[in-house]
Amino acid sequence: KMKNSSESKFFTYRVINTLIMFIALVIVFSLFTPRNIFISVRNLASLGKLVPDLGVVALGIGILMVCGEFDLSISSTLPLCSYIFASALFGGLSPVWGFVLALLSGLALGFINGLIVVKTRMPSFIITLGTMMFWKGILYVWSRMMPTSIRTFIPTDSLFQKVLTGSIGPFFPVQTIWFVAFAIVLGIILHFHRFGNWIYATGDNQEAARAMGINTNLVKIICFMIVGVLCAFAGCMQSVRLGSFAATQGVGSELRAMAACVIGGTSLRGGIGSMMGVFLGILTLHILDNGLVLMRVPVFGVNAFIGLATIFFVLLNSYLDRKIK
C-alpha cells in the first residue's frame, strides 16, 4: 500500500513536533544560559560554522532513510575524501581540481555502497558497517594517523577559501549558505520532482514500486551516491575551515546524522520523512548540544540528552501514527 500524498508533503505533524521542540529549546537556552550567551552574535556565528559540518551529510542521510536504507560508512567516507583532497594539494593540483577529485571519490564510494547493497540484497546497515571499517582501515594506513596542514595551499584570503568557508560581513559564515542551499535543492528533488516520488515509493513498498515500473535498485544507488558526494563536500569544507586534515574527522557522525533525521521525523522503516523535518532535526540536535554545553553540563553527558531526545521523538511519532490511523 502506497502512502497518500499528504504524508509526502513538506509540512507534516512530525515536522510540527520538531519545530515546537526547536522553538522551546531556543527559548529555554536564551533565558537560562549565563549572560544570555546563547543568543550572542559570536555564539550564533560559531553555530553557523559548525552545524554544516554534520548538517550537509545528514541531509543526504535523510533522503537515504526515506528510501529505506542506511549508510554507516559516512564516518570513513568523509575523512577519506578529505585525505584525497589534501593529497591532491600536496601532489600539485589546484584546490579546485583537488576539490573536484574529492567529490568524484565520494561519488564512487557511494556508488560502491549502493551497488553492493542492491546486488547482495543484504541489509545496508550491515554492508555499510563493513565498508566503514574497511575504508577507515585503509585511511589509517595511508595517512598513518598523522594530521596534515593544508594552510599553505589555501591561504585564508584566497578565493577558494572565501567561497567555501569565508564569511559575509564579520560574523555570517558562508557554510550556512551552503547548508541552506543543499537543503533547498534536495527538498525540491524530494518533494516536487518525480525522482522524489520514486524515493518515497521505494522506501514505502519496494515490491509495489517495482510493479509501477520504478527501477528501485537505481533509486537506491543514486541516493547512496548523493550521500557520498555530500560527505566529500563536508570533508573538504571542514578541512579548509580548520586548515588541516585529520584522520579522525567525522568520527561518530553516522549515529548523530541518523539521530538528527529521527528527531526530524524520518522513519527508520523508510517511506516517511521530509527535508524540512531533517533540516529542523539537525538544528535541534546542534542547539541542544550547544545549549547544554553553555549551561555547563559535562560534555560527555550531552550525548545522554541527545539519546533521550531521539527516543522521545521515536515514541511520540509512533504514538501519533497509531492515533491518526
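Residues numbered from 1 in each chain as written. Predicted model: local features only at pLDDT ≥ 70, side-chain atom pairs only at ≥ 80, totals over all residues. Heavy atoms only, no water.

1. A short note on the side chain of N113
Summarising the element assignment, N113 is placed in helix α4 (residues 95-120). Among the polar contacts made by the side chain of N113, one reaches the side chain of T131 at a distance of 3.0 Å. Beyond its immediate chain neighbours, meaning those up to four positions away, N113 contacts D71, S73, I127, T128, T131 and F224. (Helix = DSSP H or I, 4+ residues; strand = E, 2+ residues; numbered from the N terminus. Polar contact = N/O pair within 3.5 Å; in protein donor to acceptor, adjacent residues only side chain to side chain. Contact = heavy atoms within 4.5 Å.)

2. Some remarks on the pattern of salt bridges
Going through the model one piece at a time under the given rule, you end up with 4 salt bridges. The shortest N-O distance in the salt bridge between E207 and R210 comes to 2.9 Å. Remark: R210 and E207 occur in helix α9 (residues 206-211); sequence separation between them is 3 residues, near one turn of the helix. For E207, a relative accessible area of 54% corresponds to the exposed category. For R256, the salt bridge identified is with D289, shortest N-O distance 2.8 Å. Placement of the pair is R256 in helix α11 (residues 253-263) and D289 in helix α12 (residues 275-294), with a sequence separation of 33 residues. By relative accessible area, which is 22% here, R256 ends up partly exposed. (Salt bridge = Lys/Arg side-chain N within 4 Å of Asp/Glu carboxyl O. Buried < 20%, exposed > 50% of the residue type's maximum accessible area, 1.4 Å probe, protein only.)

3. Quick look at the packing of aromatic side chains
Applying the stated rule across the entire model yields 14 aromatic pairs. Taking 4.9 Å as the distance between ring centres and 80° as the angle between the ring planes, the aromatic pair formed by F182 and F233 counts as edge-to-face. Of this pair, F182 sits in helix α7 (residues 174-192) while F233 sits in helix α10 (residues 216-242), and the two are 51 residues apart along the sequence. F233 gets classed as buried once you look at its relative accessible area, which sits at 5%. (Phe/Tyr/Trp six-rings, centres within 6.5 Å; stacked < 30°, edge-to-face > 60°.)

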